[in-house]
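Here is how the chains run, residue by residue.
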Amino acid sequence: MAQVIDHRGGVWSIAVPIPDNPLGHTLVHLLETDRGPVLIDTGWDDPDSWDTLVAGVAACGFAVTDLHGVLITHHHPDHHGLSAAVREASGAWIAMHAADTAVVRRTREAEPGSWLGFLTAKLTAAGAPEDHLAPLREARAKRHGAVRSGRPPALPDREISPGALLGLPGRRLRAIWTPGHTPGHVCLHLEEEHPGRGAQAAGGGPVAASGPGPRFGRLFSGDHLLPGITPHVGLYEDPDDATVTDPLGDYLDSLERIGRLAPAEVLPAHQHAFTDAGGRVRELLAHHEERLAGLRTLLRDPLTPWQLAVAMEWNRPWAQIPYGSRNIAVSEAEAHLRHLVKLGHAEPVPGSGPTTYRAV
Ligand SMILES: [Zn+2]
Ligand SMILES: [Zn+2]
């Protein structure tokens, strides 16, 4: 049965399962507008997840065919997976930030196996050992894992412009660009009085007249701000773009942006709703500051990104981290290195190959 929470004021969340994933589910939000309901994220593309979403929309009092729009916080499959199915069933438009739409376009156009080639080259440059690289080369040779399972991710119809109101009839929802977890991640700020504060609002003028004040409105935070998880921040993997980006720097800036926004309540895409956005932002900023300081200590001896990942602290010993998660860990180590280099706290060692880095 669909797990649905009525957050009041025409906002619901539907817990859509993610198969075989410790995260459990994606919280898809349904927002009622004068033109019909709109979804914020859609969930993983899987038959059970689809059934749960359909049942959830019904539990909110609507039919999937009533949906007239889909707003996607970022391109990851646990958020954007079912968008194509929703559009097919309802004719709803799909909106996403341009930087994540570019990722979707790239994924759709990529020649099968090219991603494996890119990953192998990247891990080789990061200093991955032969026993880690060999299976990738084999898979590439056999083109195993290169076949896309299921339908390709939907190409969005609309762009979410940072800072702009989304033009939903009867609602004030503003897009806040929060790059870091992905290059085009957005949070969506519902600039309306929190329904739990009705008593205070009674007798007051329209919300727009007072404007955003302290602890204002509700924030759909996607994966940017979660109550008990530090979102993954790796490099923005674009095989065709040589721009030296700093995703961790972007993420920390985005955190501060949300901290300044001070929403009354956060409705994240995993776990549960929570109120102290500022406190959670400070916690995450402190966590990253501590981690960066720890890495500078590790980098007293020059290390490759792979060696740094092995030396870093994870939620379990390196030997117990599964193969695929090691790739994610290395990408996280690289994001930290990139940020330290940008701050002038680390530098590549000239002439090293694979490149090692040391603290400055
Ligand atoms: Zn994500
Ligand atoms: Zn997610």
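As a convention, each chain's residues are numbered from 1 in the sequence order in which they are written. For naming, the first written chain is A and the first written ligand is 1, with later ones following in the order written. Totals for whole chains, interfaces and linings use all residues, but because this is a predicted model, local features are given only for residues with pLDDT of at least 70 and pairs of side-chain atoms are given and counted only at 80 or more.

As recorded in an unreviewed UniProt entry, the protein goes by MBL fold metallo-hydrolase and comes from Streptomyces kasugaensis.

Student: Can you explain the overall build of the protein? Please cite residues and give values.
Tutor: Secondary structure follows DSSP: runs of H or I at least 4 residues long count as helices, runs of E at least 2 residues long count as strands, and numbering of each begins at the N terminus. Helix and strand content of the protein: twelve helices and 13 strands. Each radius of gyration reported is based on C-alpha atoms, and the globular scaling rule is 2.2 Å times the count of residues to the power 0.38. Taking 360 residues into account, the globule formula puts the C-alpha radius of gyration at 21 Å, and the protein, at 21 Å, falls close to it. Structurally, the protein occupies a C-alpha span of about 70 × 45 × 35 Å along its principal axes. Think of it as a crowd count around each C-beta: if 20 or more other C-beta atoms lie within 10 Å the residue is buried, if 12 or fewer it is exposed, and in between it is partly exposed, with C-beta placed from the backbone throughout. Per-residue burial over the protein gives 40% buried out of 360 residues. Taking contacts inside the protein between residues at least 6 apart in sequence as the whole, the part at least 24 apart equals 67%. A pair of residues counts as a contact when their C-beta atoms, built from backbone coordinates, are within 7 Å of each other.

Student: Mind laying out the environment of Asp241, listing which residues take part and the relevant values?
Tutor: Within the secondary structure, Asp241 is located in the loop between strand S10 (218–222) and helix H9 (247–261). Sequence separation between Asp241 and Pro268 is 27 residues; the distance between their C-alpha atoms is 31 Å.

Student: Provide a residue-level description of the pairing of strand S3 (residues 25–33), including the pertinent values.
Tutor: Counting buried positions along S3 gives seven out of nine residues, so the element sits mostly inside the fold. Here a strand pair is declared whenever DSSP counts at least two bridges between the two strands. In this sheet, strand S4 (residues 36–40) lies alongside S3 in antiparallel orientation, the contact comprising five bridges. When the bridges of S4 are listed, Thr33 appears paired with Gly36. Connecting S3 to the antiparallel partner S4 that follows it, the hairpin turn spans two residues.

Student: Summarise H9; cite the residues concerned and give the values.
Tutor: To estimate the expected span of a helix, subtract one from its residue number and multiply by 1.5 Å. Over its 15 residues, H9 runs 21 Å from end to end, which matches the ideal 21 Å to within 8%, given 1.5 Å per residue. Here H9 has its buried residues at Pro247, Leu248, Asp250, Tyr251, Leu252, Ser254, Leu255, Ile258 and Leu261. Where the residues of H9 are buried, they touch strand S8 (173–177), strand S9 (186–190), S10, helix H10 (277–298) and helix H12 (323–343). One or two residues past the end of H9 sits Ala262, with phi positive at roughly 45°.

Student: Which residues make up the packing of helix H5 (residues 114–125) against helix H6 (residues 130–142), and what are the values?
Tutor: At a minimum axis separation of 9 Å, H5 and H6 run at an interaxial angle of 160°. Regarding the angle of H5 to H6, the classification is roughly antiparallel. Considering only the axes of H5 and H6, their crossing is left-handed. Every residue of H6 that contacts H5 at Leu116, Gly117, Leu119, Thr120, Leu123 and Thr124 is listed here: His132, Leu133, Leu136, Arg137, Ala139 and Arg140. Where helices are involved, their axes are fitted lines through C-alpha atoms of the stretch in contact, as for all axes, and angles between N-to-C directions lie from 0 to 180°. Oblique is the label for any angle not covered by the other classes, which are roughly parallel (under 35 degrees), roughly antiparallel (over 145) and roughly perpendicular (65 to 115). Helix crossings get a hand from a simple test, with the near helix turned counterclockwise from the far one by less than a right angle marking a left-handed crossing and a clockwise turn marking a right-handed one.

Student: Report on the sheet that holds S8, specifying residues and quantitative values.
Tutor: Ordered in space as S8-S9-S10-S11, the four strands form an open sheet in which the pairing is mixed. Looking at which strands have only one partner, the edges of the open sheet turn out to be S8 and strand S11 (265–268). Adjacent strand axes in the sheet meet at a mean angle of 25° when their direction is disregarded.

Student: How would you summarise unusual backbone geometry if you had to cite specific residues and measurements?
Tutor: Following Gly353, the chain continues into Pro354 via a peptide bond in cis, with omega recorded as -10°. Mapping Pro354 onto the fold places it in the loop between strand S12 (346–348) and strand S13 (357–359).

Student: Please provide a residue-by-residue account of the pairing of strand S1 (residues 3–6), values included.
Tutor: Pairing between S1 and strand S2 (residues 11–17): four bridges, direction antiparallel. Looking at the pairing, Ile5 lines up with Ser13 of S2. In this structure, the hairpin formed by S1 and S2 is closed by a connection of four residues, where Arg8 is found at a positive phi of approximately 70°.

Student: Could you give an account of the sheet that holds strand S7 (residues 158–159), naming the residues involved and the relevant values?
Tutor: Taken together, seven strands build an open sheet; the order of strands is S1-S2-S3-S4-S5-S6-S7 and the sheet is mixed. Each having just a single partner strand, S1 and S7 make up the two edges of the open sheet. Along the sheet, helix H3 (residues 83–90) makes contact with S4, strand S5 (69–71) and strand S6 (93–96), crossing S5 at roughly 165°.

Student: Go over the environment of Leu53, please, and point to the residues and values.
Tutor: Tracing the sequence through the fold places Leu53 in helix H1 (residues 47–59). Given 27 C-beta atoms within 10 Å, Leu53 falls into the buried group. Considering only alpha carbons, one finds Leu53 and Ala15, 38 residues apart in sequence, at a separation of 7.9 Å. When residues no more than four places from it in sequence are discounted, the contact partners of Leu53 are Ile14, Val16, Val28, Thr42, Gly43 and Leu82.

Student: So what about the packing of H9 against H12? Which residues, and what values?
Tutor: At a minimum axis distance of 7 Å, the contact between H9 and H12 shows a crossing angle of 80°. By the angle between their directions, the pair H9 and H12 is classed as roughly perpendicular. Residue-level contacts link Pro247, Leu248 and Gly249 of H9 to Ala335, His336, Arg338, His339 and Lys342 of H12. Here the term charged refers only to Asp, Glu, Lys and Arg, the term nonpolar to Ala, Val, Leu, Ile, Met, Phe, Trp, Tyr, Cys and Pro, and the term polar to all other amino acids, Gly among them. Residue composition of the contact of H9 with H12, by class: three nonpolar, three polar and two charged.

Student: Before we move on, can you summarise the domain arrangement of the protein with the specific residues and values?
Tutor: It is common to give the size of an interface as the accessible area that goes away when the parts come together. When its domains are assigned, the protein resolves into domain 1 (3–103 + 154–281) and domain 2 (298–359). Each domain's extent was defined by an automatic or database domain assignment. For domain 1 and domain 2, the distance between their C-alpha centroids amounts to 32 Å. Each partner contributes residues to the interface: domain 1 has eight residues there, and domain 2 has nine residues. Each residue belonging to the side of domain 1 that touches domain 2 can be placed in one class, and the counts come to four nonpolar, three polar and one charged.

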